[in-house]
Amino acid sequence: MTFPQRIQIIYRKELIEVLRDRRTLIAMIVVPIVLYPLLMVGSIQAVTFQAESLQRAKLVIGVTSESQEASLRSLVEYDAKELAQLESERPLGGESLFQLPESLMDWQVHRLDNQQALEEAIQQRQVHVGLLFEDEVLTNSVDRQNNVMIFADQEEARSAAASRRLTQMLERVGKSTARIRLESVGLSRVFVEPFLIRLTNLAAPPSILGQILPLVLVLMTITGAIYPAIDLTAGERERGTLESVMVCPVPIIDLIAGKFLVVTTIAILGAALNLASVSATIYFGGFGQVLGRSGGSIPIGKMLF
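Residues numbered from 1 in each chain as written. Predicted model: local features only at pLDDT ≥ 70, side-chain atom pairs only at ≥ 80, totals over all residues. Heavy atoms only, no water.

Looking now at the side chain of D254. Within the fold, D254 resides in helix α8 (residues 252-284). Given a relative accessible area of 0%, D254 falls into the buried group. Within the local environment of D254, its side chain forms a polar contact with the side chain of R6, the two groups lying 2.3 Å apart. Beyond its immediate stretch of four places on either side in the chain, D254 contacts F3, R6, I7 and I10. (Helix = DSSP H or I, 4+ residues; strand = E, 2+ residues; numbered from the N terminus. Buried < 20%, exposed > 50% of the residue type's maximum accessible area, 1.4 Å probe, protein only. Polar contact = N/O pair within 3.5 Å; in protein donor to acceptor, adjacent residues only side chain to side chain. Contact = heavy atoms within 4.5 Å.)

Estimates place the volume of the largest pocket at around 590 Å³. If you go around the largest pocket, you meet 21 residues; those closest to its centre are T139, N146, G174, T177 and R181. Secondary structure elements with two or more residues in the lining of the largest pocket: α3 (66-89) and α5 (157-184). Considering every element that reaches the lining of the largest pocket, the biggest residue donor is α5, with 7 residues. Here the second largest pocket defines a volume of roughly 500 Å³. As for the second largest pocket, its lining consists of 20 residues, of which R172, K175, S176, R179 and R189 are closest to the centre. When contributions to the lining of the second largest pocket are tallied by element, the ones reaching two or more residues are α3 and α5. The greatest single-element share of the lining of the second largest pocket, amounting to 10 residues, is contributed by α5. (1 Å grid on protein atoms, 1.4 Å probe; cavity = no way out; pocket = protein on both sides within 12 Å on 5 of 7 lines; lining within 4 Å. Points joined across faces, edges and corners; volume = space filled by probe spheres on them.)

Taken together, the side chains of L19, L25, I26, I29, V30, I33, V34, L38 and L273 present a nonpolar region at the surface, about 690 Å² in accessible area. Here the element with the most residues in the nonpolar patch is helix α2 (residues 22-56); it accounts for 7 residues. By secondary structure assignment, the location of I26 is in helix α2. Judged by its relative accessible area of 39%, I26 is partly exposed. (Patch = residues over 30% accessible without salt bridge, like charges linked within 9 Å, V, L, I, M, F, W, Y side chains within 5 Å. Areas by Shrake-Rupley, 256 points an atom, 1.4 Å probe, with all protein chains shown as cover. Salt bridge = Lys/Arg side-chain N within 4 Å of Asp/Glu carboxyl O.)

Attention now moves to the pattern of salt bridges. Summed over all chains, the structure comprises 10 salt bridges. R73 serves as the salt-bridge partner of E69, at 3.3 Å between the closest nitrogen and oxygen. In this pair, E69 and R73 are both assigned in helix α3, 4 residues apart and thus about one turn of the helix distant. For R73, a relative accessible area of 36% gives the class partly exposed. Note that R179 is salt-bridged to E82, the shortest N-O span being 3.5 Å. Residue R179 is found in helix α5, and its partner E82 is found in helix α3; the two are separated by 97 residues along the sequence. Three or more residues joined by partner-sharing salt bridges are found here, namely K13, E14 and K259.

For the rest of this paragraph, the subject is the packing of helix α1 (residues 3-19) against α8. Contact pair α1 / α8: the axes reach a minimum separation of 8 Å and the direction vectors enclose 45°. Classified by the interaxial angle, the pair formed by α1 and α8 is oblique. In the packing of α1 onto α8, the handedness of the crossing is right-handed. Facing α1, whose interface residues are F3, R6, I7, I10, Y11, E14, L15, V18 and L19, α8 presents I253, D254, L255, A257, G258, K259, L261, V262, T265 and I266. (Axes fitted to C-alpha atoms, helices over the stretch in contact; angles between N-to-C directions. Parallel < 35°, antiparallel > 145°, perpendicular 65-115°, else oblique. Left-handed = near helix turned anticlockwise from the far one by under 90°.)

The following block contains the structure:
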């Protein structure tokens, strides 16, 4: 009997025994087909639910005086009018310039005594974000700035989202005020923006599979092969068959080669099943539409080559 024939016999025998092992089948089939879709779909649902709840939540803004509350209300009202005008001027069927949930449409003011009390209220999560004007009354003078301090807890999701929405509102009001000032003196926006930069990205759309495939292939290849590798080595001793295998009239190198090929085969099968499961979950789970809106792609067809 030749060397390839001996290895083929050992390979076939060990492969059949490994595939009869329930732990190997669970690690190779049940985990990728059941666990991965549940984890991925559950994760995206949890993230979507959290993002929607943050957008629907009423924004609580802390201030330290009645005059600062009046200044904040004037800014919010001005921003709301600007957004409403932009929304009415956009073409029919076109995309909105601003997402309405990101504007301060649903908010309330919580007045505190001083800055220290404001900071403590944010840390105790009684207030989402704090706003403090250096001057009690806003000024529209061309030679003075309105210094604004925003207090937030960036480690808390609601506070971080609130500070982002409040900052965006202040930036919109600032740009609108600058535009009105330029128009009042007969200048256009080009006067303060001498360069208009347009970046053309010639790269192919990013692929999410290219980001997750290396991790899946490396980790899942190891995971799928670890059980048969243990069974083909330590399992022989547990079953009491190691001595009988060692006294067989077969060279040791043939046994090692046959067992190694079995582990390699199981690893490749496990990696293929994991890859197919992840790809199917992404394709049928609605991730394609999300990537399409962000310019990404899922090249499922290229995986066959």
